[in-house]
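As a plain string of letters, each chain reads:
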Amino acid sequence: MTINEIHEKLKAELGEAVGPLSDPKADPFCVVKADRIVDACRFLRATPGLELDFCEDLTAVDWPKRNVIEVVYHLYSYRHRHGIVLKVETDRTSPSVPSVEGVWKAANWMEREVYDLFGVAFPGHPDLRRVLLPDDWEGHPLRKDYQEGEGYHGVPNVRENPLVELRRLDQIRIAEQAKANPPAPAPAAPAAPAAPTAKA
Amino acid sequence: MEKLILRRVDRRNEEMILNFGPQHPSTHGVINFIVETDGEVLRKAIPDVGYLHRSIEKIGEMVGYPGFMPYTDRVDYLAAMFANEGYAIAVERLLKLQVPKRAQYLRAIACELNRIASHLVSIGSMAMDIGAVTPFPYALREREYINDLIEALCGARLTYNYLRIGGVAYDLPQGWRDRCLTFLDHFDSLLQEWDRLISFNEIYERRLGGVAVISREQAIDYGLVGPNLRASGVDWDLRRDAPYGAYADFKFDVPVGKGWAGVVGDCYDRYYVRVLEMFASAKIVRQALEKLPEGEIQVKVPKKPKPEAGETMGRVESARGELAYYVVSDGTDRAHRVRARTGSFLAMGIIEDISPGLMVADLVALIASLDVVAPEIDR
Amino acid sequence: MPVNYAPLPKRTPRWLVGLTWAIAVGLPVSLLVVLLVLLPITKPAMIDGFILHQLGHDPAVWPWRDLLAAAALVLIGAVVFGWGAVFGGVSTWLERKIAGRMQSRIGPNRAGAGGYLVWMADALKMLLKEDLVPAEADDLLFRAAPYFGLVGFLLTFVTLPFGEGIIVADLGVGAFFVTAITALVVVGILVAGWSSNSKWALFGGFRSAAQVISYEIPAGISLMVPVLMAGTLSMQGIIRAQGGAPWNWFVFRNPAAFVAFFIFFTSQLAEANRTPFDLPEAESELVAGYHSEYSGFRFGLFFLVEYGSLWVMSALAITLFFGGWQIPGFHADQWVAVRGTSPFPPPAWWGMQAASMAVFAAKTYTLVLVVLWIRWTLPRIRIDQMMNLCWKYLVPAAFACFLFTLLWQLLVSAVPRVELASGIALSLVALVLVALFLKQTRDNIYSVAGDRIDLSNW
């Protein structure tokens, strides 16, 4: 089945919640409303003829200009060898998309990663905690407006440029050496230059 | 912030909570497992990843399309050619480039050699985890030949940076083809030696057979890919079923788990599927070397490519399964989002649900059989 | 532009080669020679004779007689300890070299010619390492635990028959003594695991102790088979009941003994925590085993016990099943004849003793090589499979062998020829098996390496 046909079926089932298929020059996708995404996924998985049982990818893209975070679902079917790409747009300030973990277990860890790196909450997820970053990390790094903190548990995240540091250490070393071995007194003014005195 | 809440440990049954890792002597990398056990049988093994997180995806938004290629090596350093290729395919699709035939064949040759090398490390270290130390140096000995070949090809032994957007970086050096064919002739006899040494060893079969069975439905549901998926009985290989590059021109068989030592989908199947895949890859390299066409090795690409706004998914069948790059471009010369969806990340997800009831030694076998590498999980 | 490769290693200088050979051959041989010389002349009868004839005192009333006997025993103890320690060290080198060659690599080759001095370097390193006692550990028990194992290991040397007259003490209950004493190692393991104050060390210790205790049972029962055949528990007695030729060895004289040997050998492997039974300590790949908290010399003691047990394990198997020091063609009455009647034995006797020691050492060394070979070939068995093997397979099989031997001995006492027939038949079977094995090895090598066997890298 082509992606158009799958899209038709999905639109037939869910009506308004499913947007149109985007233009095919890039990979086509269709936007689904956040509150119906679980129904859409269940429909896509369970319907004979569709059976999109492989949740290939579940990730997010941050669009600060449009003020949305898109959660992207790449779905595929091994049996029928067709797939579709769904997107859910959610507000950047407090993003929240119902979890599809009940439809595919693969979504479990992938949603945790989206929560970890983008801050999208997934109500209905059984165990939503950070997966890649430490549990007490602040911020969500893959957002476009992420600012790094001052360091983590006392480990700074900036350091001096190594070349500058080496030069500074070199100068300290030279200064210490100079103090330890005072330079020899400057030689007496040289004797009259070898101006030939034999000018007489 | 949510924290990991562990169950109250049942002290009457002498249960304890331990950390397996993050340092442990196997090539799987820095991964930590929080294990609830009574010393023998696990109640649960919770993977705790992130020790190798290098924010590669964030870097992808900063360095521009050609500049990201060396970073893709580090997504999976044991099978770096595939990581390169996935990204290259995605960006080429965005830029609407047509890769020359010779470059596609060279990519296939390099990738299949890399698959053999990666599987050698995988099965060698799996045997070592089970206790038979000897097969590991044998596998590394064979891998040294491949390392030498690839070093002659692109100059590096581990993180190759061989592929470029639009083709490959270097052509075959003189005499490389004959060396490669010599190696392949030598390599074919390794299967017998390997099988005699370890694959059909009774102790090995007992340790792995019937352990941590992942059924077909579970494998698909949890999103396992690659040899893990095929070992559970799903006959799916991206090279054959959705061919990309030059793979449509090659004939090769795809081993699927048959339950050689017990149940379909157990650790032994995952191991033996990899063994058989290595030898199938050797056949592919032979065919590719025979049919190698002449031509360009790289299409001209602007220094700072600016693809149209859009997005695409570039998929390859890596040694660890389907490695997919989701690249979103917004019309500038820097990507808006680069995402690497790796097989090892989801293999971690299944460990928590498969582990109850396993013994501690079986957990080692399970992790080894899933062939996870930490850089793929953490990126 | 010239490329600076790392300089090739120079060939080992001649003096180092010479020194290494001197140590490699000289050290073990000299210890054995000292044992050869000391043990017969420190027997009570000889000491009394010495006191009477050489010193001119009456041994019964001389006040220093006991002191002399005790000093002699201390000296022997030190030499035996030295032998155990040296062999333990040498076997680490042997293991690493053999492991390297089996794995297509070289193994140690820097310390001394062929890397032979690496075991001395390791021993020195262990002495010099920091001596840690964990803060929460039970102080006294933590420090004492290795010595239990050491004592259990060393005391077995008391009844090991190195030669015809070369045994520290030919106890009338030798075989039983050995079985009882090796159980002391379990105490060491448990104490080490518990006093380390580490959860995983404790469980590792329990598991290891469970394994050792379980495998004592098939070991003990299969040990009864040669005891029944010899009619005595004494080690020298068991050897004297066998002969030098292969068909006179117990292992071939009785079909049940053939099976009992394998049961005994497997059980000894398990008791010494060798692969394929080393899960309790190789679980220390991921988590700790019972000696995880030990470092420096204390760890060295555990290590020494493990590698020295290779010798003890093999020596026991040789004694019980393979004829010990019996020299083919040299019978019991010839031993008596060569001894003569003089108070001090003649040189011919010393020569034959040395020959019997050489036979014993050669046989034991061969079996040690087999143990090392098994370690680097086989993977590990899981702990529940290990317990399964012991209780469900080895123990019933050992009992079956025991019962068969009872009936066999009755048969043999009625028809003595049966034993000789069985000996010859089973020796031939063994010979055929060895020939087939060598043929298979040759086929394996040819199938991989082409048409020649290449030893040029040796």
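With that settled, consider the overall build of chain A. Each helix and strand in chain A was counted, giving four helices and five strands. Written out in order from the N terminus, the α and β elements of chain A read α-β-β-α-β-β-β-α-α. For a compact globule of 200 residues, the expected C-alpha radius of gyration is about 16 Å, and chain A comes in at 33 Å, more than 25% above that figure. Its C-alpha atoms put chain A at 120 × 40 × 30 Å along the principal axes. Out of the 200 residues belonging to chain A, those deemed buried represent 34%. Here the analysis covers contacts within chain A between residues at least 6 apart in sequence; of these, 49% occur between residues at least 24 apart.

Next up on the list: the overall build of chain C. On a plain count of helices and strands, chain C comes out with 17 helices and zero strands. The C-alpha radius of gyration of chain C comes to 24 Å, within 12% of the 23 Å expected for a compact globule of 458 residues. On the principal axes, the C-alpha backbone points of chain C span a range of 80 × 55 × 55 Å. Scored against the burial criterion, the 458 residues of chain C give a buried share of 41%. Across chain C, the fraction of contacts at a sequence separation of at least 24, relative to all contacts at a separation of at least 6, is 79%.

Turning our eyes to something else, we now look at the interface of chain A and chain B. Taken residue by residue, the interface counts 28 residues in chain A and 33 residues in chain B. Of all the secondary-structure elements, those providing two or more residues to the side of chain A that touches chain B are β3 (54–63) and α3 (107–118) of chain A. Across the side of chain A that touches chain B, the residue classes tally to 15 nonpolar, three polar and 10 charged.

Here we come to the packing of helix α12 (residues 267–291) of chain B against helix α14 (residues 360–370) of chain B. All names here are of chain B. Two elements in contact, α12 and α14, have axes whose closest approach is 9 Å; the angle formed by their N-to-C orientations is 30 degrees. One element, α12, and the other, α14, form an angle in the roughly parallel class. The crossing of α12 and α14 is left-handed. The residues of α14 that touch α12, namely those facing Cys267, Arg270 and Tyr271, are Ala365, Leu366, Ser369 and Leu370.

Below, the discussion takes up the domain arrangement of chain C. Residue and element names in this part refer to chain C. Each assigned domain of chain C is listed with its residue range as follows: domain 1 (26–120) and domain 2 (129–329 + 351–445). Here the C-alpha centroids of domain 1 and domain 2 sit 21 Å apart. Listed by partner, the interface residues are 19 residues for domain 1 and 20 residues for domain 2. Counting residues per element, the ones that place at least two in the side of domain 1 that touches domain 2 are α1 (14–41) and α3 (65–102). It is α3 that provides the largest number of residues to the side of domain 1 that touches domain 2, a total of 14 residues.

So, about the arrangement of the chains. No other pair of the two pairs of chains in contact has as many contacts as chains A and B. Between chain A and chain C there is no contact; the minimum C-alpha to C-alpha separation amounts to 23 Å.

Okay, the interface of chain B and chain C next. Between chain B and chain C, the contact holds 28 residues from the first and 27 residues from the second. Every element with two or more residues in the side of chain B that touches chain C is listed here: β1 (16–20), α4 (101–130), α5 (135–154), α7 (190–199), α8 (202–208) and α14 of chain B. When grouped by side-chain class, the residues that make up the side of chain B that touches chain C number 16 nonpolar, seven polar and five charged.

With a phi close to 45 degrees, Glu51 of chain A is a non-glycine residue in the positive phi region. Structurally, Glu51 of chain A is set in the loop between α2 (37–46) and β3. Positive phi, close to 55 degrees, is recorded for Ala212 of chain B, a residue that is not glycine. Relative to the assigned elements, Ala212 of chain B resides in the loop between α8 and α9 (216–221).

What follows covers the sheet that holds strand β3 (residues 42–48) of chain B. Residue and element names in this part refer to chain B. Within the open sheet, the three strands sit side by side as β1-β2-β3. Their pairing is antiparallel. Because the sheet does not close on itself, it has two edges, and the strands there are β1 and β3. In this sheet, adjacent strand axes meet at a mean angle of 20 degrees when their direction is disregarded. Summarising the sheet, strand β2 (residues 32–37) and β3 pair through six bridges and their orientation is antiparallel. Across the sheet, Phe33 pairs through a bridge with Pro47, a residue of β3.

What follows concerns helix α16 (residues 383–414) of chain C. Residues and elements named next belong to chain C. Taking 1.5 Å per residue as the helical rise, α16 with its 32 residues ought to reach 46 Å, and the 45 Å between its terminal C-alpha atoms agrees with that figure. Maximum bend of α16: about 35 degrees, positioned at Leu394, with proline Pro396 one to four residues after it. Ile383, Met386, Leu389, Cys390, Leu394, Ala398, Cys401, Thr405 and Trp408 are the residues of α16 that are buried.

Moving on: the packing of helix α4 (residues 118–128) of chain C against helix α13 (residues 296–321) of chain C. All names here are of chain C. Close contact between α4 and α13 brings their axes to 6 Å; oriented N to C, the two are set at 140 degrees. Judged by the inter-axis angle, α4 sits oblique to α13. When α4 is examined against α13, the residues Ala123, Met126 and Leu127 are found in contact with a partner set consisting of Gly296, Phe297, Phe299 and Gly300. Per-class residue counts for the contact of α4 with α13 are five nonpolar, two polar and no charged.

A few words now on the confidence of the model for chain C. Scored by pLDDT, chain C comes out at a mean of 85, with 95% of its residues at no less than 70. Scored as a whole, the predicted complex attains pTM 0.88, and scored at its interfaces, ipTM 0.87.

Its location among the elements puts Trp15 of chain C in helix α1. Sequence spacing of Trp15 of chain C and Ala113 of chain C is 98 residues, and the spatial spacing of their C-alpha atoms is 9.6 Å.

This part takes up the sheet that holds strand β1 (residues 18–21) of chain A. In sheet architecture, strand pairing relies on hydrogen bonds along the backbone and comes in two forms, parallel and antiparallel. Residues and elements named next belong to chain A. Strands sit in the order β1-β2-β5-β4-β3 across an open sheet of five strands; the sheet is mixed. What marks the edges here is a single partner per strand, and that holds for β1 and β3. When strand polarity is set aside, the average angle formed by the axes of neighbouring strands in this sheet is 20 degrees. Sheet topology places β3 next to strand β4 (residues 68–76); nine bridges connect them, and they run antiparallel. When the sheet's bridge partners are listed, Cys55 is paired in β4 with Leu75. With respect to the sheet, helix α1 (residues 3–14) is in contact with β1, β2 (30–32) and β5 (83–91), its orientation differing from that of β1 by roughly 155 degrees.

Before going further, it helps to examine the nonpolar core. Judged by nonpolar contacts, the single largest core of 273 residues is most densely connected at Leu366 of chain B together with Ala317 of chain C. The residue makeup of this core includes at least three contributed by each of domain 1 (26–120) and domain 2 (129–329 + 351–445) of chain C. Non-local contacts of Leu366 of chain B, meaning those with residues more than four positions away in its chain, are made with Val211, Ala212, Cys267, Ile351, Ile354 and Leu358 of chain B.

Here we take up the confidence of the model for chain A. For chain A, per-residue confidence averages 84 on the pLDDT scale, and residues scoring 70 or more make up 91% of the total. Scored below 50 in pLDDT, residues 192–200 of chain A makes zero contacts in the model with residues more than four places away or belonging to other chains.

Right, let's get into the pairing of β5 of chain A. Residue and element names in this part refer to chain A. Here β5 lies mainly inside the structure; seven of its nine residues are buried. Bridging between β2 and β5 involves three bridges; their strand directions are parallel. Bridging across to β5, Cys30 finds its partner in Leu86. The sheet contact formed by β4 and β5 spans nine bridges and is antiparallel. The partner of Val68 across the bridge, within β5, is Asp91. What sits between β4 and β5 in their antiparallel hairpin is a turn of six residues, with Arg81 showing a positive phi close to 55 degrees.

Reading guide: rules and limits
Residues numbered from 1 in each chain as written. Chains lettered and ligands numbered in written order. Predicted model: local features only at pLDDT ≥ 70, side-chain atom pairs only at ≥ 80, totals over all residues. Helix = DSSP H or I, 4+ residues; strand = E, 2+ residues; numbered from the N terminus. Rg over C-alpha atoms; globule rule 2.2 N^0.38 Å. Buried ≥ 20, exposed ≤ 12 C-beta atoms within 10 Å, placed from the backbone. Contact = placed C-beta atoms within 7 Å. Nonpolar A, V, L, I, M, F, W, Y, C, P; charged D, E, K, R; others polar. Axes fitted to C-alpha atoms, helices over the stretch in contact; angles between N-to-C directions. Parallel < 35°, antiparallel > 145°, perpendicular 65-115°, else oblique. Left-handed = near helix turned anticlockwise from the far one by under 90°. Domains from an automatic or database assignment. Pairing = 2+ DSSP bridges. Expected span 1.5 Å × (residues − 1). Bend = angle between axes of the 7 residues up to and from the residue. pLDDT = per-residue confidence, 0-100. Core = buried A, V, L, I, M, F, W, Y, C linked by C-beta atoms within 7 Å.

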